[in-house]
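What follows is each chain in one-letter form.
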Amino acid sequence: MGRQQERRTLRAMIRLYCKQQHQSVSLCEACLELLTYAEARVAHCPFGDEKPVCRSCEIHCYTPKMRERITAVMRYAGPRMMAHHPILGVLHLLKARRGRRGTLRASAEGVGRDKRGESS
Ligand SMILES: [Zn+2]
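Treat the numbers as computed from the prediction; the structure is a model and nothing was measured.

(A) Spotlight on the overall build of the protein. Broken down by element type, the protein carries five helices and zero strands. Secondary structure elements of the protein, listed N to C terminal, follow the sequence α-α-α-α-α. Looking at the 120 residues of the protein, the share that counts as buried comes to 19%. Of the contacts formed within the protein by residues at least 6 apart in sequence, a portion of 67% connects residues at least 24 apart.

The structure is reproduced here in C-alpha coordinates:
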(Lines give C-alpha, C1' and ligand atoms only; values in the text may rest on other atoms or scores of the structure.)
Protein backbone atom coordinates (compact mmCIF):
# COMPACT_ATOMS: atom_id res chain seq x y z
CA MET A 1 0.00 0.00 0.00
CA GLY A 2 1.36 3.38 -0.92
CA ARG A 3 0.81 6.13 -3.37
CA GLN A 4 -1.15 3.90 -5.70
CA GLN A 5 -3.56 3.09 -2.90
CA GLU A 6 -3.79 6.73 -1.91
CA ARG A 7 -4.68 7.72 -5.45
CA ARG A 8 -7.34 5.04 -5.73
CA THR A 9 -8.87 6.21 -2.49
CA LEU A 10 -8.77 9.84 -3.60
CA ARG A 11 -10.43 9.05 -6.88
CA ALA A 12 -13.13 6.92 -5.27
CA MET A 13 -13.88 9.59 -2.66
CA ILE A 14 -14.08 12.47 -5.11
CA ARG A 15 -16.20 10.41 -7.49
CA LEU A 16 -18.62 9.54 -4.72
CA TYR A 17 -18.78 13.14 -3.54
CA CYS A 18 -19.38 14.51 -7.02
CA LYS A 19 -22.00 11.93 -7.88
CA GLN A 20 -24.04 12.64 -4.78
CA GLN A 21 -23.36 16.33 -4.22
CA HIS A 22 -23.25 17.55 -7.81
CA GLN A 23 -25.49 14.89 -9.38
CA SER A 24 -22.75 14.37 -11.90
CA VAL A 25 -22.36 11.03 -13.68
CA SER A 26 -18.69 11.49 -14.37
CA LEU A 27 -16.60 14.06 -12.51
CA CYS A 28 -17.73 17.65 -13.02
CA GLU A 29 -15.13 20.23 -13.99
CA ALA A 30 -14.50 21.47 -10.44
CA CYS A 31 -14.10 17.96 -9.03
CA LEU A 32 -11.85 16.91 -11.89
CA GLU A 33 -9.66 19.93 -11.15
CA LEU A 34 -9.55 18.96 -7.47
CA LEU A 35 -8.67 15.35 -8.28
CA THR A 36 -5.94 16.39 -10.69
CA TYR A 37 -4.52 18.73 -8.08
CA ALA A 38 -4.71 16.15 -5.30
CA GLU A 39 -3.07 13.46 -7.42
CA ALA A 40 -0.25 15.83 -8.27
CA ARG A 41 0.27 16.50 -4.55
CA VAL A 42 0.41 12.76 -3.86
CA ALA A 43 2.82 12.24 -6.75
CA HIS A 44 5.15 14.92 -5.43
CA CYS A 45 4.85 13.95 -1.78
CA PRO A 46 8.38 13.77 -0.34
CA PHE A 47 7.36 10.84 1.85
CA GLY A 48 6.83 8.71 -1.25
CA ASP A 49 5.23 5.36 -0.51
CA GLU A 50 5.77 5.95 3.18
CA LYS A 51 3.50 8.94 3.12
CA PRO A 52 0.96 9.19 5.93
CA VAL A 53 -2.62 10.06 5.01
CA CYS A 54 -2.84 13.78 4.40
CA ARG A 55 -4.94 14.33 7.51
CA SER A 56 -2.09 13.23 9.76
CA CYS A 57 0.69 14.62 7.59
CA GLU A 58 2.87 17.38 8.98
CA ILE A 59 3.57 19.15 5.72
CA HIS A 60 0.09 20.19 4.55
CA CYS A 61 1.18 20.78 1.01
CA TYR A 62 -2.26 21.87 -0.24
CA THR A 63 -3.02 25.52 -0.77
CA PRO A 64 -5.62 26.73 1.76
CA LYS A 65 -8.32 26.83 -0.90
CA MET A 66 -7.66 23.33 -2.21
CA ARG A 67 -7.27 22.05 1.31
CA GLU A 68 -10.71 23.39 2.16
CA ARG A 69 -12.18 21.62 -0.85
CA ILE A 70 -10.50 18.28 -0.26
CA THR A 71 -11.46 18.44 3.42
CA ALA A 72 -15.10 18.87 2.40
CA VAL A 73 -14.83 15.84 0.12
CA MET A 74 -13.16 13.70 2.77
CA ARG A 75 -15.62 14.72 5.44
CA TYR A 76 -18.52 13.79 3.19
CA ALA A 77 -17.12 10.73 1.49
CA GLY A 78 -15.04 9.32 4.35
CA PRO A 79 -17.84 7.71 6.36
CA ARG A 80 -19.70 6.73 3.17
CA MET A 81 -16.64 4.94 1.80
CA MET A 82 -17.36 2.13 4.22
CA ALA A 83 -20.63 1.40 2.43
CA HIS A 84 -19.55 2.03 -1.15
CA HIS A 85 -15.96 0.84 -1.11
CA PRO A 86 -15.59 -1.21 2.09
CA ILE A 87 -12.06 -2.37 1.38
CA LEU A 88 -10.68 1.03 0.42
CA GLY A 89 -12.52 2.60 3.36
CA VAL A 90 -11.13 0.16 5.88
CA LEU A 91 -7.61 0.42 4.50
CA HIS A 92 -7.79 4.20 4.72
CA LEU A 93 -8.97 4.08 8.32
CA LEU A 94 -6.24 1.63 9.28
CA LYS A 95 -3.65 3.79 7.62
CA ALA A 96 -4.92 6.89 9.39
CA ARG A 97 -4.59 5.16 12.72
CA ARG A 98 -1.08 3.96 11.96
CA GLY A 99 -0.15 7.45 10.80
CA ARG A 100 -1.15 9.00 14.11
CA ARG A 101 0.63 6.38 16.14
CA GLY A 102 3.67 6.70 13.90
CA THR A 103 4.34 10.27 15.02
CA LEU A 104 7.58 9.56 16.81
CA ARG A 105 7.61 12.23 19.47
CA ALA A 106 3.98 11.76 20.41
CA SER A 107 4.26 7.98 20.73
CA ALA A 108 7.47 8.19 22.76
CA GLU A 109 5.83 10.60 25.19
CA GLY A 110 2.74 8.44 25.29
CA VAL A 111 4.71 5.31 26.16
CA GLY A 112 6.66 7.12 28.87
CA ARG A 113 3.49 8.45 30.41
CA ASP A 114 1.81 5.06 30.30
CA LYS A 115 4.70 3.38 32.09
CA ARG A 116 4.81 5.98 34.85
CA GLY A 117 1.05 5.65 35.21
CA GLU A 118 1.21 1.88 35.60
CA SER A 119 4.01 1.83 38.16
CA SER A 120 2.49 4.42 40.49
ZN1 LIG B 1 -18.40 17.65 -8.78
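(B) Highlighting helix H1 (residues 3-21). If you check H1, its first and last C-alpha atoms are 26 Å apart, about what 19 residues at 1.5 Å a residue would give, namely 27 Å. For H1, every residue scored as buried is listed here: Glu6, Thr9, Leu10, Met13, Ile14, Tyr17 and Cys18. On an axial view of H1, the arc spanned by its buried residues comes to 155 degrees, and they lie on one face.

(C) Looking closely at unusual backbone geometry. The phi angle at Gln23 is positive, at roughly 50 degrees, despite the residue not being glycine. Position of Gln23 among the secondary structure elements: in the loop between H1 and helix H2 (29-43).

(D) Quick look at the packing of H1 against H2. Here H1 crosses H2 at 165 degrees, and the two axes come no closer than 10 Å. Classified by the interaxial angle, the pair formed by H1 and H2 is roughly antiparallel. The chirality of how H1 crosses H2 is right-handed. When H1 is examined against H2, the residues Arg3, Glu6, Arg7, Leu10, Arg11, Ile14, Tyr17 and Cys18 are found in contact with a partner set consisting of Cys31, Leu34, Leu35, Ala38, Glu39 and Val42. Counted by class, the contact of H1 with H2 contains nine nonpolar, no polar and five charged residues.

(E) Here's a closer look at the nonpolar core. One finds Met13, Ile14, Tyr17 and Val73 to be the most contacted residues of the largest nonpolar core, which totals 15 residues. Discounting residues that sit within four places of it in the chain, Ile14 has contacts with Leu27, Cys31, Leu34, Leu35 and Val73.

(F) Main features of the environment of Ala38. Looking at the secondary structure, you find Ala38 in helix H2. Owing to 22 C-beta atoms within 10 Å, Ala38 belongs among the buried residues under this scheme. Setting aside anything within four residues of it in sequence, one finds Ala38 in contact with Leu10 and Ile70.

(G) Looking closely at the confidence of the model for the protein. For the protein, the mean per-residue pLDDT works out to 75, and 59% of the residues sit at or above 70. Element-level pLDDT for the protein is lowest in helix H5 (residues 104-119), with a mean of 46, against a maximum mean of 92 in H2. When the criterion is pLDDT under 50, residues 101-120 qualifies, and its contacts beyond four places in sequence or with other chains add up to two contacts.

Reading the values: rules and limits
Residues numbered from 1 in each chain as written. Predicted model: local features only at pLDDT ≥ 70, side-chain atom pairs only at ≥ 80, totals over all residues. Helix = DSSP H or I, 4+ residues; strand = E, 2+ residues; numbered from the N terminus. Buried ≥ 20, exposed ≤ 12 C-beta atoms within 10 Å, placed from the backbone. Contact = placed C-beta atoms within 7 Å. Expected span 1.5 Å × (residues − 1). Arc of directions from axis to C-beta. Axes fitted to C-alpha atoms, helices over the stretch in contact; angles between N-to-C directions. Parallel < 35°, antiparallel > 145°, perpendicular 65-115°, else oblique. Left-handed = near helix turned anticlockwise from the far one by under 90°. Nonpolar A, V, L, I, M, F, W, Y, C, P; charged D, E, K, R; others polar. Core = buried A, V, L, I, M, F, W, Y, C linked by C-beta atoms within 7 Å. pLDDT = per-residue confidence, 0-100.

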